[in-house]
Amino acid sequence: MVAVVRAAAGDVTVREYTSQRRAYLTLVLISLFCLIPFFWVVLAAFDPRASQFLQVPQDITFEHFRKVFADESGMRWVLNSVVIVGSATLLTLLFAGFGGYALSRTQAWWKRPLLYAIILVRIVPPPALIVPVYKVMLFLNEWINGVINQLTDNVEMQQQLSRMFSFIDGYLGLILIHCAMQLPLAIWIMKTFFDAIPKDYEEAAALDGASQWQTVRHVLLPLALPGFAAAGLFAFINAWGDFLMPLMFTSSPELQTLPLGMFRAFLRVDAIDYGFLTALAVIYTLPAVIAFAFARKFLTQTFSGGVKG
Amino acid sequence: MSQIELIDIKKNYLGTEIVKGINVTINEGEFAVIVGPSGCGKSTLLRMIAGLEDISSGELRIGGKVMNNVSPDQREIAMVFQSYALYPHMTVAENIGFALTLKKVDKAEITRRVKEAADMLELGHLLDRKPAALSGGQRQRVAIGRAIVKRPKVILFDEPLSNLDAKLRVQMRTELMRLHREFGSTVVYVTHDQVEAMTMAQKIIVLHNGYVSQLGKPMDLYREPDNTFVAQFIGVPKMNLLQGKLQGNNFILQSGHKVTIGGGYGCIGSLQLGVRPEHLTLQPAATQGNWCVDVVERLGVESFIHLHNSEHESVVVRVEGDCEVAINSEVGLKIDASHCYLFDEQGKRLVQQLQATEVDCSRQAS
């Protein structure tokens, strides 16, 4: 292409072409270097003789995956992670949808200060919040356990309810914490998205006889879908990758999530099983990749042509 | 019954009064155009009729019923937005039929009515397309289709043609008039374009600073403006206004030119003389009191010549066909005194009791 455009200046073209080739070669080398850990994880997961070195497996085995699910509680870790992070993402989207819409449409003087206050929560490093959050959760935990104890005398039932609804060492607590951590960014994303949806659509729907719910269902939700996809993807991937909160707020093995399972497998005193760890890493990565693939469809879906700018 | 009555309608927004007491009646089946410059409150007024804005005080009646606190969908009105506001994720057919779908009308009936509206607007072949795949004119038609499919008693238009190019605008104007004839709905149409108002309206309501400056039939407003605002707003190019004084039967311009417009105005002192460009005629240059040619706009069928004089007054003259005048050349000017209007300092029209005569004002006053 360059050669065609610059045919008249032959020397310059050759020099440019060579320097471009050099630049691409450098970039390819850097990319390969960065990709080596990923290659290693994928190859070692299927390698019966997995080690800490990158090597092409001579045989392919699914033994490591079998071990994750059959010998260890891999399935429970996956389910815990999916349930906790999935619920937290849905809850985040629900709140971010309402909050983002309200903040987009209101003209009140406190709008800007509130928006900055929201994002400030995001700026504070999560470890700095652990002690105060733990205090609050502890207080709520005592209260909810009191309520559970009043509801039933059956100890087994109490334990099950406690695992579900406890704020510490319970699903609800982790879901709420993940939701609170992901909400600021999600609200900002949704607010920006709703800003871009003209109010005319809602007014047109009102004149067409749509109720509030019908306007949300038939007009706002479809239009805000790319926003929800973006906010949901960020929330899911951030919460999925979070290690600190499950570590601090869960202790029962039944509540262990994937990152915790991986961490504890790595810390075992006997020899490190690289095959097991890499298989776990592949399993850990897959849902995030699936989430991205799922959100991508909506992310690229833009609606235009409804209003003339 | 779809008569619209606005009784002392006011709108306050954050302590500022935008609409300052509007009293207007729009008769059933009438095509009323609310016209005015930007910020005069015309869109706010329309949105109050639609129910998209609260009415601060006053009473809105549609078909005799007070509608102040009635929700938009209960008012039996439809609105065409300036931005079209077509739902971008729905096809043309879904857009047009959305109101009927919400009302849970039978599917076959929706299809039939959507098709009927689409055929009327020549959209039949576009029903499966999304708005993004339509041209500006087609989108506008879909927006109109969405309004008429509900068979409303009142259709509101908020500057619907302002996003279209000039050629399409002319075409859509005639189509809107045809549609109005066919449907017979009461139409309230907001625009800042006085050409749209003049060509389409049966009644024009001129808004200025939140007040009704004047209302009436288009040609009544053109021929008998109540004030300088209406006089200059209605008609292209706008009416020329010249400062001066009334002395007896003569109006003395600042340049000293004299126009005999007759007496009976019951007012003397500083006044303004209004004369439309078509009532001015170019004359050969005289020895004194000439005008200098600034710009000549040739439109083929007519030409507009912009002139100024030594008193920094400027006027526009309309001439049939082409006009052979050179820029910066000196010309004389004849004012048809029988078509002059007199306004007081506040811009209010002074009514003449006697007939004026035509005079040559390139002659200096004695």
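Just so you know, these numbers come straight off a predicted model, no measurement behind them.

## Let's talk about the overall build of chain A
Helices and strands together make up the secondary structure of chain A, namely 13 helices and 0 strands. In sequence order, the secondary structure elements of chain A are arranged as α-α-α-α-α-α-α-α-α-α-α-α-α. Here chain A has a C-alpha radius of gyration of 25 Å; the compact-globule value for 309 residues is 19 Å, and the former is much larger. Taken along the three principal axes of its C-alpha coordinates, chain A extends 90 × 70 × 35 Å.

## Looking at the nonpolar core
In terms of nonpolar packing, the biggest core is built from 144 residues, with Ala 186 of chain A together with Ala 32, Ile 34, Leu 156 and Val 188 of chain B touching the most fellow members. Ranked by the residues each element gives to this core, the list is headed by helix 8 (residues 171-195) of chain A, at 13 residues. Sequence-distant contacts of Ile 34 of chain B, that is, excluding residues within four places in its chain, are made with Lys 42, Leu 45, Leu 46, Val 188, Val 190, Ile 205 and Leu 207 of chain B. By size, the runner-up hydrophobic cluster in this structure holds 15 residues, among which are Ala 44, Val 78, Met 262 and Tyr 284 of chain A.

## Concerning helix 2 (residues 92-102) of chain B
Every α-helix carries 3.6 residues per turn, so stepping three or four residues along brings you back to the same face. Residue and element names in this part refer to chain B. Within helix 2, 8 of the 11 residues are buried, which leaves the element mostly enclosed by the surrounding structure. Burial in helix 2 covers these residues: Val 92, Ala 93, Asn 95, Ile 96, Gly 97, Phe 98, Ala 99 and Leu 100. Elements in contact with the buried residues of helix 2: helix 3 (107-120) and helix 4 (136-148). After helix 2 finishes, the residue Lys 104 shows a positive phi value of roughly 60°.

## Some words on the domain arrangement of chain B
Residues and elements named next belong to chain B. Splitting chain B by domain gives domain 1 (4-230) and domain 2 (237-360). Summarising the inter-unit geometry, the C-alpha centres of domain 1 and domain 2 are found 38 Å apart. Taken together, the contact pairs 5 residues of domain 1 with 8 residues of domain 2. Classifying every residue of the side of domain 1 that touches domain 2 by side-chain character gives 2 nonpolar, 2 polar and 1 charged.

## Regarding the confidence of the model for chain B
Residues and elements named next belong to chain B. Summing up the model confidence of chain B, the mean pLDDT is 89 and the portion of residues at 70 or higher is 95%. Element-level pLDDT for chain B is lowest in strand 22 (residues 359-360), with a mean of 43, against a maximum mean of 96 in strand 3 (residues 31-35). In the predicted assembly, ipTM is 0.82 and pTM is 0.80.

## Observations regarding the sheet that holds strand 13 (residues 258-260) of chain B
As summarised here, the arrangement of the 6 strands in space is 13-12-11-14-20-21 (chain B), forming an open sheet in which the pairing is antiparallel. With one partner strand each, in any of the chains shown, strand 13 and strand 21 (349-350) of chain B form the two edges of the open sheet.

## Some remarks on the pairing of strand 14 (residues 269-275) of chain B
Residue and element names in this part refer to chain B. Strand 14 sits mainly inside the fold: 5 of its 7 residues count as buried. The sheet contact formed by strand 11 (residues 240-247) and strand 14 spans 7 bridges and is antiparallel. Bridge pairing links Asn 240 to Val 275 in strand 14. Inspection of the sheet shows strand 14 paired to strand 20 (residues 340-343) by 4 bridges, in the antiparallel sense. Each residue of the ladder has a partner; that of Gln 272, found in strand 20, is Phe 343.

## Describing the domain arrangement of chain A
Residues and elements named next belong to chain A. Parsing chain A into structural domains produces domain 1 (2-61) and domain 2 (72-299). For domain 1 and domain 2, the distance between their C-alpha centroids amounts to 37 Å. In this complex, domain 1 contributes 8 residues to the contact, which on the side of domain 2 involves 6 residues. Its residues placed into classes, the side of domain 1 that touches domain 2 shows 5 nonpolar, 2 polar and 1 charged.

## Focus on the interface of chain B and chain A
In this assembly, 24 residues from chain B lie in contact with 20 residues from chain A. Element by element, the count of residues in the side of chain B that touches chain A is highest for helix 2 of chain B, at 3 residues. Among the residues forming the side of chain B that touches chain A, the class breakdown is 17 nonpolar, 4 polar and 3 charged.

## A short note on the packing of helix 4 (residues 74-105) of chain A against helix 8 of chain A
Residue and element names in this part refer to chain A. Where helix 4 contacts helix 8, the axes come no closer than 6 Å and their chain directions differ by 35°. When the axes of helix 4 and helix 8 are compared, the crossing they make is right-handed. Of the residues contributing to the contact of helix 4 with helix 8, the split by class is 20 nonpolar, 8 polar and 2 charged.

## Looking at unusual backbone geometry
All names here are of chain B. For the bond running from Val 236 to Pro 237, omega is -10°, close enough to zero to count as cis. Assignment of secondary structure puts Pro 237 in the loop between helix 8 (228-233) and strand 11. The backbone of Asp 8 shows a phi angle near 50°, a positive value even though the residue is not glycine. Backbone geometry at Lys 104 places phi at a positive 60°, although glycine is not the residue there. In this structure, Lys 104 sits in the loop between helix 2 and helix 3. Note on Lys 104: 8 C-beta atoms within 10 Å, which makes it exposed.

## Some thoughts on the environment of Ile 252 of chain B
Residue and element names in this part refer to chain B. By the secondary structure assignment, Ile 252 is in strand 12 (residues 250-253). Given 17 C-beta atoms within 10 Å, Ile 252 falls into the partly exposed group. Sequence spacing of Ile 252 and Ser 270 is 18 residues, and the spatial spacing of their C-alpha atoms is 9.8 Å.

Basis of the calculations
Residues numbered from 1 in each chain as written. Chains lettered and ligands numbered in written order. Predicted model: local features only at pLDDT ≥ 70, side-chain atom pairs only at ≥ 80, totals over all residues. Helix = DSSP H or I, 4+ residues; strand = E, 2+ residues; numbered from the N terminus. Rg over C-alpha atoms; globule rule 2.2 N^0.38 Å. Core = buried A, V, L, I, M, F, W, Y, C linked by C-beta atoms within 7 Å. Buried ≥ 20, exposed ≤ 12 C-beta atoms within 10 Å, placed from the backbone. Contact = placed C-beta atoms within 7 Å. Domains from an automatic or database assignment. Nonpolar A, V, L, I, M, F, W, Y, C, P; charged D, E, K, R; others polar. pLDDT = per-residue confidence, 0-100. Pairing = 2+ DSSP bridges. Axes fitted to C-alpha atoms, helices over the stretch in contact; angles between N-to-C directions. Left-handed = near helix turned anticlockwise from the far one by under 90°.

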